[in-house]
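Structural features, examined
The residues making up each chain are set out below.
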Amino acid sequence: MDVRIKPKTISELESTRLVQQTNLWARVKSRLGWTTKAFDIATHDNDTGDLLLILRDIGYGASIAYVPFGPEFLPPDLSPGEFLSALSQELKPYLPAGCIMTRWDLPWESPYAQERDRYDEDGHWLGAPDTRVCEARMNFGIRGNRLRKSPSDILPPDTLLIDLRGSPDDLLSKMRPKTRYNVRLARRHGVQVRQGCSDDLAAWNTLYSDTSKRNGFSSHGDGYFASVVANLHGSDEAMEGSNDESITMLIAEKDDTPLAAMFLSISADRATYLYGASSSKDRQLMAPYALQWAAMEKAKASECSSYDLFGVAPRPDHEHPMYGLYAFKSGFGGTMLHRQGSWDFAYDESRYFSYVASESACPGFLA
């Protein structure tokens with residue numbers, strides 16, 4: 001199969017609405033100790049985009065290649081499995097000798113998202129079929145190494161995309177009445193939203209720790225967000241990178257007391273809600289609602305056409321660990337996008353299976 005790659009510098013990565021495939025994301029990950037690589041991709045003499053790949057050392061001479069939300073484009077004349085299999089094999093000579101796999105965190109819509117029988121009578125997504133069925137479809141016509149569905153998805157495959165091209169009144173009209181009311185209630189309560197800076201890292205860490213304890217999820221360490229803050233819009237490190245993407249910290253507060261905060265990325269024509277946190281105190285002030293509305297206003301001012309709320313339960317299932325995010329974020333409107341999630345191509349199958357067997361003991365290792 002005629003799929004070719006060519007190494008290039010990180011600074012040569014093209015502009016894309018997928019911030020995880022940008023120069024900016026490479027800088028964030030490099031600060032955390034990841035090795036980053038960039039490639040041009042071509043098929044049949046046609047340029048089909050580029051790729052950011054990051055390498056993580058997992059010890060004992062082994063490493064993992066991870067592609068966050070890439071590749072962006074799927075050539076129209078190739079199946080997903082054919083393309084990823086060929087691309088994985090083309091990448092191998094550029095990877096360390098001990099690299100056991102490439103994990104593809106795909107941004108493409110699930111092929112089952114267009115099948116009516118994958119939705120219930122209320123129009124809610126039922127999810128993809130059994131893993132064996134998905135793998136058979138992905139690997140149809142492929143010889144040799146197979147692509148396998150990863151045990152877990154690294155980046156959230158299900159999200160809500162808000163169309164920002166209307167007026168502010170249009171955006172408000174598409175919200176649920178309760179959400180729209182809470183946006184206005186936060187304003188009446190005197191909640192203000194300002195842009196944060198590196199000096200606000202301690203306040204962010206406090207809010208994030210509070211949020212992780214309240215919701216029972218495993219949190220990133222303080223050093224992770226120090227890497228994000230180092231790349232805030234206007235910082236020295238950000239000024240050295242591309243002007244096509246940026247990260248902004250927004251803080252909702254009252255009387256100089258931080259109540260909620262978020263990191264918002266803007267890349268090409270899309271804004272993305274990367275991380276959020278809020279205080280367990282003064283919940284009645286509705287600060288998270290003020291924060292989201294400020295993010296949408298900033299995105300519109302930056303000429304973004306869409307806002308990715310980045311991670312929800314795939315349907316209103318009270319048993320799903322991300323149901324709370326679904327309940328909150330879906331109130332702002334938007335259209336559901338169900339991506340294909342993470343897929344693995346193993347170079348060393350014995351070490352790959354050993355890694356997968358132990359992966360559950362270290363959730364979020366690649367995030």
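Residues numbered from 1 in each chain as written. Predicted model: local features only at pLDDT ≥ 70, side-chain atom pairs only at ≥ 80, totals over all residues. Heavy atoms only, no water.

A word on the side chain of S150. With respect to the helices and strands, S150 occurs in the loop between β6 (147–149) and β7 (158–163). Judged by its relative accessible area of 5%, S150 falls in the buried class. Polar side-chain contacts of S150 include one of 3.3 Å to the side chain of R103. Excluding residues within four positions of it along the chain, S150 makes contact with R103, S342, W343 and D344. (Helix = DSSP H or I, 4+ residues; strand = E, 2+ residues; numbered from the N terminus. Buried < 20%, exposed > 50% of the residue type's maximum accessible area, 1.4 Å probe, protein only. Polar contact = N/O pair within 3.5 Å; in protein donor to acceptor, adjacent residues only side chain to side chain. Contact = heavy atoms within 4.5 Å.)

A few words on the pattern of salt bridges. Any two side chains of opposite charge can pair, so long as their charged atoms come close to each other. As enumerated under the stated definition, the model contains 15 salt bridges in all. Close ionic contact of D50 with K8 constitutes a salt bridge, the shortest N to O distance being 3.0 Å. Residue D50 is located in strand β3 (residues 46–59), and its partner K8 is located in strand β1 (residues 3–8); the two are separated by 42 residues in the primary sequence. Here D50 matches K8 in class, with each residue buried. (Salt bridge = Lys/Arg side-chain N within 4 Å of Asp/Glu carboxyl O.)

This part is about the packing of helix α1 (residues 23–31) against helix α7 (residues 222–229). When two helices pack together, you describe them by how their axes are tilted relative to each other and by the distance separating the axes. Closest axis-to-axis distance for the α1/α7 pair is 8 Å, and the angle between their directions is 145°. Here α1 and α7 pass one another in a crossing that is right-handed. Taking contact as the criterion, the partners of W25, R27, V28, K29 and R31 in α1 are, on α7, Y224, S227 and V228. (Axes fitted to C-alpha atoms, helices over the stretch in contact; angles between N-to-C directions. Left-handed = near helix turned anticlockwise from the far one by under 90°.)

The tally for this structure, following the rule as stated, stands at 20 aromatic pairs. Pairing W204 with F263 gives two aromatic rings, centres 4.7 Å apart and planes at 65°, and the pair type is edge-to-face. Remark: F263 occurs in strand β10 (residues 257–267) and W204 occurs in helix α6 (residues 201–215); sequence separation between them is 59 residues. Of the two residues, W204 and F263, neither departs from the other in class, the shared state being buried. A ring pair is formed by F328 and F332, whose centres lie 5.3 Å apart and whose planes are at 80°; its orientation type is edge-to-face. The ring of Y112 carries the charged tip of R137 above its face, separated from the ring centre by 4.7 Å. (Phe/Tyr/Trp six-rings, centres within 6.5 Å; stacked < 30°, edge-to-face > 60°. Lys NZ or Arg CZ within 6 Å of the ring centre and 35° of its normal.)

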